[in-house]
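Chain by chain, the residues run as shown.
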Amino acid sequence: FYEAVRPGEAAGFPSLGARGCFLSHLGVLDEAQAQGARSVLILEDDLNFDSDFGERIHVVTAALARSRWSIFYGGYSIAGAVPPAAGEPIAPIAAAQAVSCTHFVAFRGEALRLLPAYLRAILGRAPGDPAGGPMHVDGAYSRFRHDHPELETVIALPELGHQRASRTDIHALRWYDHWPVVRDGVAWIRKLKNAA
């Protein structure tokens, strides 16, 4: 378990939570590198495994063992079409295809070696810098993938886990998360949704 970073200021990031998430991911990557790990799997605290995870994980890991992947998303949100499953448990996606959500992501080899310095460079730039300044970590990963098309990204088909419905820590709260009585009702609805 990695204790989440809770920064005191946004420092150019879209929010305090966005900066904390970015720094937490960077901390996990740094720790993996320091330990000489060849790969690292990051599971965020709002991950719910799909109900058939136990049945499918062995098939997915076997497919990964046969693949030349550098980045793996077990859960994701993809802009545009997801590749057809065609009976395969994983599929490659284009380096230019943006992926949002980082609740279930893995890195290995060259990706793990290059990412910490890449993220640190983003930290050192001003917001809006054309080379990439402070941003959400999922955006930073997508930018990294775009800048390194030689590193293969694969996704699980279908997802092995999804992001649990919860009040956001990284975006501005919606109106229904501000009002006390409504907020409690929404929290109850989220619990029902997560139990489904």
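You'll find the structure just up there.
Nothing here was measured: the structure is a model prediction, and the numbers come from that model. (Residues numbered from 1 in each chain as written. Predicted model: local features only at pLDDT ≥ 70, side-chain atom pairs only at ≥ 80, totals over all residues. Heavy atoms only, no water.)

As a further point, take the pattern of salt bridges. For side chains bearing opposite charge, pairing can occur when the charged atoms are close. Considering all chains together, one arrives at three salt bridges under this definition. Between Asp 30 and Arg 120 there is a salt bridge; the shortest N-O distance is 2.4 Å. In this pair, Asp 30 is assigned in helix H1 (residues 16-34) and Arg 120 in helix H3 (residues 109-123), connecting sequence segments 90 residues apart. On the basis of relative accessibility, which here comes to 41%, the residue Arg 120 falls in the partly exposed class. (Salt bridge = Lys/Arg side-chain N within 4 Å of Asp/Glu carboxyl O. Helix = DSSP H or I, 4+ residues; strand = E, 2+ residues; numbered from the N terminus. Buried < 20%, exposed > 50% of the residue type's maximum accessible area, 1.4 Å probe, protein only.)

With that settled, the discussion passes to the sheet that holds strand S1 (residues 39-43). Spatially, five strands are ordered S1-S7-S3-S8-S5 in an open sheet, and the strand pairing comes out mixed. A strand with exactly one partner marks an edge of an open sheet, and here the two such strands are S1 and strand S5 (90-93). Between one strand axis and the next, the sheet turns by 25° as a mean value, whatever way the strands run. Inspection of the sheet shows S5 paired to strand S8 (residues 152-156) by four bridges, in the antiparallel sense. Paired with Ala 91 across the bridge in S8 is Ile 155. Relative to the sheet, H3 contacts S1, strand S3 (69-73) and strand S7 (104-108), its axis offset from that of S7 by approximately 100°. (Pairing = 2+ DSSP bridges. Axes fitted to C-alpha atoms, helices over the stretch in contact; angles between N-to-C directions. Contact = heavy atoms within 4.5 Å.)

Further remarks concern the packing of aromatic side chains. Evaluation of the coordinates by the stated rule reveals seven aromatic pairs. Note on Trp 69 and Phe 72: the rings are 6.3 Å apart at their centroids and 65° apart in plane angle, and the pair reads as edge-to-face. Judged by relative accessible area, which is 9%, Trp 69 ranks as buried. Overall, the relative accessible area of 4% leaves Phe 72 in the buried class. Measuring from ring centre to ring centre gives 6.2 Å for Phe 72 and Phe 104, while their planes differ by 85°; the resulting arrangement is edge-to-face. (Phe/Tyr/Trp six-rings, centres within 6.5 Å; stacked < 30°, edge-to-face > 60°.)

Time to look at the pairing of S8. The buried fraction of S8 is high, at four of five residues. Across four bridges, the pairing between S3 and S8 is parallel. The partner of Trp 69 across the bridge, within S8, is Glu 152.

Scope: geometric values only; no functional claims are made or implied.
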